[in-house]
Amino acid sequence: MSDHDHDHDHDGHDHADGSRFSDVELRVKALETLLTRKGLVDPATIDRLVETYETRIGPRNGARVVARAWADPAYKVRLLQDATAAIAELGYTGLQGEHMVAVENTPQIHNLVVCTLCSCYPWPVLGLPPVWYKSYAYRSKAVIDPRGVLAEFGLTLGPDVEVRVWDSTAEIRYLVLPERPAGSAGLDEDALAELVSRDSMIGVTRARNPGARS
Ligand code: FE
């Protein structure tokens, strides 16, 4: 890498070299072409994966699960007993979500999810992991100093709250069930889901209060 500034590459207009594509896009295209020529990947499969994760899968799936658990006590019991099955009830299944465990935040317990080894993450409910989740800084500090990590995300917990850190693996992926925010009593599931951010399901923030900016 040169020390040339690539910040201009985020836009869609033509670049100095006349290409419609950014550096990253060109590199990805080069890799895809190479892998296809060598017979290692099928371009149609890649297209399908990208389309799936861009449009059908993502943190909104997890938000639907959380909203259902807040609205339906029987569903919440099933979610905490067998998250894989309860999540599949809503139609969310697939790769990297075969063995799900839901952990519930309460006034006394706050759960935080990390993958200390790499970046294991529950794709069917949260989509693809954010960059910081994969960073060495997060992976190491979440275990050594979880309260410090939470503070960096703007969440300061009292000393009376127990912080539980869950290390994801290839076998088990975790979904945090955030506390239902105060003032959300009258909301239906759609409105409840709007309060649930990706970060709150990793456990680095709380769910949003109704009326707070998203
Ligand atoms: Fe991992």
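Notes on the structure follow. As the structure is a computational prediction, the values presented were derived from the model and not from experiment.

1. Here's the deal with the coordination of the iron ion
- At 2.1 to 2.8 Å from the iron ion lie its protein donor atoms, namely Cys115 (SG), Cys118 (SG), Ser119 (N), Cys120 (N) and Cys120 (SG).
- Mapped onto the sequence, the donors of the iron ion take the spacing C-x2-C-S-C.
- When its relative accessible area of 25% is taken as the criterion, serine 119 is described as partly exposed.

2. Description of the side chain of serine 200
- With respect to the element layout, serine 200 can be found in helix 11 (residues 198-202).
- According to the relative accessible area criterion, serine 200 is buried, its value standing at 0%.
- In contact with serine 200, other than residues within four places in its own chain, are Val176, Pro178, Thr205, Arg206 and Ala207.

3. Remarks on the packing of aromatic side chains
- The tally for this structure, following the rule as stated, stands at 6 aromatic pairs.
- Judged by centre distance (5.0 Å) and plane angle (75 degrees), the ring pair of tryptophan 132 and tyrosine 138 falls under edge-to-face.
- Classification of tyrosine 138 by relative accessible area gives buried; the value is 5%.
- Ring centres 5.2 Å apart and planes at 40 degrees place the aromatic pair tryptophan 166 and tyrosine 174 in the tilted group.
- Tyrosine 174 sits in the buried class, given a relative accessible area of 11%.
- Among the aromatic residues, those joined into a cluster by ring pairs are Tyr121, Trp132, Tyr133, Tyr138 and Phe153.
- Across from the ring centre of tyrosine 75, 5.9 Å away, lies the NZ or CZ of arginine 68, which sits over that ring.

About the cut-offs
By convention here, each chain's residues receive numbers from 1 onward along its written sequence. pLDDT decides what is reported in this predicted model: residues at 70 or higher carry local features, side-chain atom pairs at 80 or more are listed and counted, and totals for whole chains, interfaces and linings draw on all residues regardless. The basis for the side-chain values is all heavy atoms of the structure; hydrogens and waters are excluded. Atoms are scored as donors when they are N, O or S and lie within 2.8 Å of the metal, with 3.2 Å used for Na, K and Ca; no water is included, so coordination may look incomplete. Burial classes: relative accessible area under 20% of the type maximum marks a residue as buried, over 50% as exposed, and values in between as partly exposed (1.4 Å probe, protein chains only). The numbering of helices and of strands both runs from the N terminus, where a helix is a DSSP run of H or I of at least 4 residues and a strand a run of E of at least 2. Every residue pair with non-hydrogen atoms within 4.5 Å of one another is taken to be in contact. Any two of the Phe, Tyr and Trp rings considered here, Trp counted by its six-membered ring, make a pair once their centres fall within 6.5 Å; the pair's planes then place it as stacked at under 30 degrees, edge-to-face at over 60, or tilted in between. A ring has a charge above it when a Lys NZ or an Arg CZ is no more than 6 Å from the ring centre and no more than 35 degrees off the ring normal.

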